[in-house]
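Residues per chain, in single letters:
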Amino acid sequence: MVPTSKRLRPPVVAVTGAASGIGRAFLTKVASSADFRRVVAIDDQRGDVPDVTWRVLDVRDPLLANRISDIDVLVHLAGDYTLGSDPGERRAYNLRAAQTVLTACAAARVRRVVLVTSAMVYGAAPDNEVPLPEDSAVAAELDTGIVGDYLEIEALVRRSLRSHPGLEVTVLRPAVLAGPGVDSVVTRHFEAPRLLTVKGCNPRWQFCHIDDLVSALELAALGTVSGVVAVGSEGWLEQEQVEEISGLRRFELPAGLTFGTAQRLHRLGVTPAPATDLHYVVYPWVVDCAALRAAGWKPQWTNEAAFTQLLELREGKHAVVGRRLSGKEATLTAAGATVAVLGTAAIVRVARKKRRS
């Protein structure tokens, strides 16, 4: 029988992507936590969080296994999810990083790996159940957008579990992320003068503040929750509530016109994300955080509070269908409702002229 003292010995946790973003936020939270015996920070540059062991290396380095032989749990938060990144290069980085981490952890006998994807993998659809159970089918479309990266990473996880049955992998799927530093197609939706909606459909809005994702990551690292875990604020906001809080009015268009125009703008290089990403701002994809709730976890942020902070952080920014605008472009865009929702004829003409030249 294993002595109680050994059984309850706090684990050593490693964090990839530890120098910035969510990685740094999680590192800051666990650096002084008595629940972990030691905290190791992994990044290609040394960060500024003290009282942790820094190991500077590229997470895609095949020698990663040699640097984590003393680790019990690895929380993988290194990734490129920047809207302006080249889609091919972004996906290659994200998949190589996840694959290297999973393989290295299996080789180094790391007990548990925790990754973050998104509740977007469930897909957004007009007939989605509200809320979606955590065990709902993954129904998102595999395209060139960031959602496609999440789908591919989760496929890697499934293959890894078959190849390395001794490795425990927990995947956290947050709702719409909100908080300092978050920049996504969904947050940029609220940088437009009008809110795009599709006729006959009302989205429901659920947010996940970074603080709540960090606390959920801590529970996952400790093994309190495992498997597929949805993360988000309790309940959701109706479209009318979102409009009331934001002071933004909606602009309705038929679905065919909305997605057709958005896809043409993407092909022209006007917008950074494929048209399928628009599904996530016009259709519901609210999730039921059953596993965390059963573990006694409660979000610190309500949907209203997280959304209010999102609005505060967007001040001075302007975007159309995920495309960040500035200067004269932003002024033109604010001039009319059609402009505000799907870009302007002027923007499209400029893009066509550039392509011809």
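Residues numbered from 1 in each chain as written. Predicted model: local features only at pLDDT ≥ 70, side-chain atom pairs only at ≥ 80, totals over all residues. Heavy atoms only, no water.

### Things to note about the layout of surface pockets
This is how it is decided: Grid points spaced at 1 Å over the protein atoms alone were grouped into cavities, where a 1.4 Å probe fits but cannot get out, and pockets, open sets with protein on both sides within 12 Å along at least five of seven lines, with lining residues defined by an atom within 4 Å of a point. Grid points are joined across faces, edges and corners, and a volume is the space filled by probe spheres set on the points. Strands are runs of DSSP state E lasting at least 2 residues, helices are runs of H or I lasting at least 4, and numbering of each runs from the N terminus. When residues are grouped by polarity, Ala, Val, Leu, Ile, Met, Phe, Trp, Tyr, Cys and Pro land in nonpolar, Asp, Glu, Lys and Arg in charged, and all others, Gly among them, in polar.
The space that makes up the largest pocket amounts to roughly 1,200 Å³. Lining the largest pocket are 48 residues, and of these Ile-22, Gly-79, Asp-80, Tyr-81 and Thr-82 lie nearest its centre. Where the lining of the largest pocket is concerned, the elements lending two or more residues are helix H2 (21-30), strand E2 (38-43), helix H4 (87-107), strand E5 (112-116), helix H5 (146-163), strand E7 (176-178) and helix H6 (185-189). Split by residue class, the lining of the largest pocket holds 28 nonpolar, 13 polar and 7 charged.

### Some points on the environment of Phe-207
The cut-off we apply is this: Under the scheme applied here, a residue whose accessible area is under 20% of the maximum for its type counts as buried, over 50% as exposed, and between as partly exposed, the area being computed with a 1.4 Å probe on protein chains only.
If you trace the backbone, Phe-207 turns up in strand E10 (residues 207-209). On the accessibility criterion, Phe-207 (0% relative accessible area) is buried. On a C-alpha basis, the gap between Phe-207 and Leu-310 in space is 9.6 Å, while along the polypeptide they are 103 residues apart.

### Remarks on the confidence of the model for the chain
Put simply, the test is: You can read pLDDT as the predictor saying how much it trusts each residue, on a scale of 0 to 100. Contacts are assigned to residue pairs with any non-hydrogen atoms lying within 4.5 Å of each other.
Put simply, the chain has an average pLDDT of 87, and 81% of its residues get 70 or more. Across residues 1-6, where pLDDT falls below 50, the model places 2 contacts with residues more than four positions away in sequence or in other chains. Segment residues 327-351: pLDDT under 50, and 45 contacts once partners within four positions in sequence are set aside and those in other chains are kept.

### Remarks on the pattern of salt bridges
Side chains that differ in sign of charge can pair as their charged atoms come close. For the record, the criterion: Counted as salt bridges are all cases of a side-chain nitrogen of Lys or Arg within 4 Å of a carboxyl oxygen of Asp or Glu.
Applying the stated criterion across every chain yields a total of 17 salt bridges. A salt bridge links Arg-60 to Asp-58; its shortest N-O distance comes to 2.7 Å. By relative accessible area, which is 27% here, Asp-58 ends up partly exposed. The closest approach of N and O atoms between Arg-111 and Asp-72, which form a salt bridge, is 3.9 Å. Here Arg-111 is found in the loop between H4 and E5, whereas its partner Asp-72 is found in the loop between helix H3 (64-67) and strand E4 (73-76), with 39 residues between them in sequence. For Arg-111, a relative accessible area of 42% gives the class partly exposed. Where salt bridges share partners, they join Glu-240, Glu-243, Arg-250 and Glu-252 into one cluster.

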